[in-house]
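Here's the letter readout for the chains.
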Amino acid sequence: MSNPFRSLKYLPWRILLQSAAVTIAIATILDYLILQSVILIAANSTISFPRSLLVYLQFLAPFAASYGIGALGLFITARFFREVLLSANTIWALIGCLILMYWISTLLPVPHLLMFAETFNIVMIALGAFFSGKRYWRY
């Protein structure tokens, strides 16, 4: 009987962790800039937003940001880390690395607006990576 975990040894883990670190660093910087701009707009604005829009954005924006992290991770890996042959196995490994780096970034003392570790956000990272990487699925 063959070992199903044997292929895990041959995945490019170091490169995938580097790609995930770059992706999460970009996402954290963007999240911080969005937070600062929201604070600046709220402090200097006399415009009041409709409450329904704020509630809608409060629930939808973190899911969209997590989906974007998955897609950005795959894009960065495909464009800048060309030595990785993207297939279903490496996409799953990239998702694992993204989730690990995502969790580590939430532990940092950086204020976050959209990035927080919840189950739905982790699922959206996987969906973002797989839906943007359909062409890399190989059987």
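Since the structure is predicted, the reported quantities are computational estimates derived from the model, not experimental observations. (Residues numbered from 1 in each chain as written. Predicted model: local features only at pLDDT ≥ 70, side-chain atom pairs only at ≥ 80, totals over all residues. Heavy atoms only, no water.)

Overall, the coordinates contain two aromatic pairs when judged by the stated rule. Summarising the aromatic geometry, the rings of tryptophan 92 and phenylalanine 130 are spaced 4.8 Å apart at their centres and angled 55° between planes, so their arrangement reads as tilted. Residue tryptophan 92 is found in helix H3 (residues 88-107), and its partner phenylalanine 130 is found in helix H4 (residues 119-132); the two are separated by 38 residues along the sequence. Among the residues examined, tryptophan 92 registers a relative accessible area of 53% and is labelled exposed. (Phe/Tyr/Trp six-rings, centres within 6.5 Å; stacked < 30°, edge-to-face > 60°. Helix = DSSP H or I, 4+ residues; strand = E, 2+ residues; numbered from the N terminus. Buried < 20%, exposed > 50% of the residue type's maximum accessible area, 1.4 Å probe, protein only.)

For serine 66, the location among the structural elements is in helix H2 (residues 51-80). With residues up to four places along the chain from it excluded, the contact list for serine 66 reads Tyr102, Asn121, Met124 and Ile125. (Contact = heavy atoms within 4.5 Å.)

Attention now goes to the packing of helix H1 (residues 13-44) against H3. Where H1 contacts H3, the axes come no closer than 8 Å and their chain directions differ by 45°. For the element pair H1 / H3, the angle class is oblique. Considering the relative orientation of H1 and H3, their crossing is right-handed. Counted together, Trp13, Leu16, Leu17, Ser19, Ala20, Ala21, Thr23, Ile24 and Thr28 of H1 and Thr90, Ala93, Leu94, Cys97, Leu98, Leu100, Met101, Tyr102 and Ser105 of H3 form the full contact between these two elements. When its residues are assigned to classes, the contact of H1 with H3 shows 13 nonpolar, five polar and no charged. (Axes fitted to C-alpha atoms, helices over the stretch in contact; angles between N-to-C directions. Parallel < 35°, antiparallel > 145°, perpendicular 65-115°, else oblique. Left-handed = near helix turned anticlockwise from the far one by under 90°. Nonpolar A, V, L, I, M, F, W, Y, C, P; charged D, E, K, R; others polar.)

With that settled, consider the packing of H3 against H4. In the contact formed by H3 and H4, the axes pass within 10 Å of each other and the chain directions differ by 145°. Taken as a pair, H3 and H4 cross one another with a handedness that is right-handed. Across the interface between the two elements, Ala88, Ile91, Trp92, Ile95, Leu98, Ile99 and Tyr102 of H3 pack against Asn121, Ile122, Ile125, Ala126, Ala129 and Phe130 of H4. Looking at the contact of H3 with H4, its residues break down into 12 nonpolar, one polar and no charged.

Here we come to H3. End to end, H3 covers 29 Å across 20 residues, agreeing with the expected 28 Å (1.5 Å per residue, within 8%). The set of residues buried in H3 consists of Thr90, Ile91, Ala93, Leu94, Ile95, Cys97, Leu98, Met101, Tyr102 and Ser105. (Expected span 1.5 Å × (residues − 1).)

A few words now on the environment of isoleucine 69. Structurally, isoleucine 69 is set in helix H2. When the C-alpha atoms of isoleucine 69 and glycine 96 are compared, they prove to be 13 Å apart, with 27 residues separating the residues in sequence. Beyond its immediate chain neighbours, meaning those up to four positions away, isoleucine 69 contacts Thr23, Ile24, Ala27, Leu98, Tyr102, Met115 and Ile125.

The subject of this paragraph is H1. Look at H1: 46 Å from first C-alpha to last across 32 residues, which is about the 46 Å you get at 1.5 Å a residue. Among the residues of H1, those classed as buried are Leu16, Ser19, Ala20, Thr23, Ile24, Ala27, Thr28, Asp31 and Leu35.

Counting 25 residues, the largest nonpolar core has Ile24, Ile69, Ile91 and Leu98 as its most contacted members. At the level of elements, H1, H2, H3 and H4 are the ones that each hand at least two residues to this core. In this structure leucine 98 touches Ala20, Thr23, Ile24, Ile69, Gly70, Gly73 and Ile125, once residues within four positions along its chain are discounted. (Core = buried A, V, L, I, M, F, W, Y, C linked by side-chain atoms within 4.5 Å.)

Below, the discussion takes up a nonpolar patch on the surface. The grouping of Val22, Ile26, Ile29, Leu30, Tyr32 and Leu33 at the surface amounts to a nonpolar patch, some 520 Å² of accessible area in total. Considering the arrangement of structural elements, one finds isoleucine 26 in helix H1. (Patch = residues over 30% accessible without salt bridge, like charges linked within 9 Å, V, L, I, M, F, W, Y side chains within 5 Å. Areas by Shrake-Rupley, 256 points an atom, 1.4 Å probe, with all protein chains shown as cover. Salt bridge = Lys/Arg side-chain N within 4 Å of Asp/Glu carboxyl O.)

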